[in-house]
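# Descriptive structure summary
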Amino acid sequence: MGSVAVILRVMPESPDVDLEKLKKALKESLPGIQDIKEEPIGFGLKAIKLAAIVNDAGGETDALEGKLNAIPGVERAEIIEVTLT
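Thresholds, definitions, all that
Here the residue index of a chain counts from 1 through its sequence in written order. A pLDDT threshold of at least 70 governs which residues receive local features in this predicted model, and a stricter bar of 80 or more applies before side-chain atom pairs are shown or counted, although totals over entire chains, interfaces and linings include all residues. The side-chain figures draw on all heavy atoms in the structure; neither hydrogens nor water molecules are used. The buried label applies to any residue whose accessible area, calculated with a 1.4 Å probe on protein chains only, is under 20% of its type's maximum; exposed applies above 50%, and partly exposed to all values in between. Only DSSP runs of H or I reaching four residues or more are called helices, and only runs of E reaching two or more are called strands; each is numbered from the N terminus. Two strands are said to pair when DSSP picks up at least two bridges between them.

The buried count for strand 1 (residues 3-12) comes to 7 of 10 residues, which makes it a mostly enclosed element. Across 8 bridges, the pairing between strand 1 and strand 3 (residues 45-55) is antiparallel. In the sheet register, V6 faces strand 3, and the bridge partner there is A52. By the bridge criterion, 9 bridges tie strand 1 to strand 4 (residues 74-84) in an arrangement that is antiparallel. Each bridged residue has a counterpart across the sheet, and for M11 the counterpart in strand 4 is R76.

Turning next to the pairing of strand 2 (residues 33-42). Looking at chain direction, strand 2 and strand 3 are connected through 8 bridges and run antiparallel. Residue pairing across strands places I36 opposite L50, the latter belonging to strand 3. Counting the residues in the hairpin turn of strand 2 and strand 3 gives 2 residues, including F43, whose phi is positive at 55°.

Function-wise, these values are silent; they only describe arrangement.
Here you go:
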């Protein structure tokens, strides 16, 4: 089995969510994160865009999305891109 790079966008529940705390929670829940940065959306709202390396086994990306959606302060985590490493 190989690995894939997954690019995700994580939307916070509101502009009031502390993004530094949210980034820390994301890093703790997903040790495979390679890059993480803020992305302005509009009206003061910023998303977190991250890249993670995961196994290419079936269901891994869905499990990753579910894990990130369960973090407090996250409204929605969505996969933007999946590519081979």
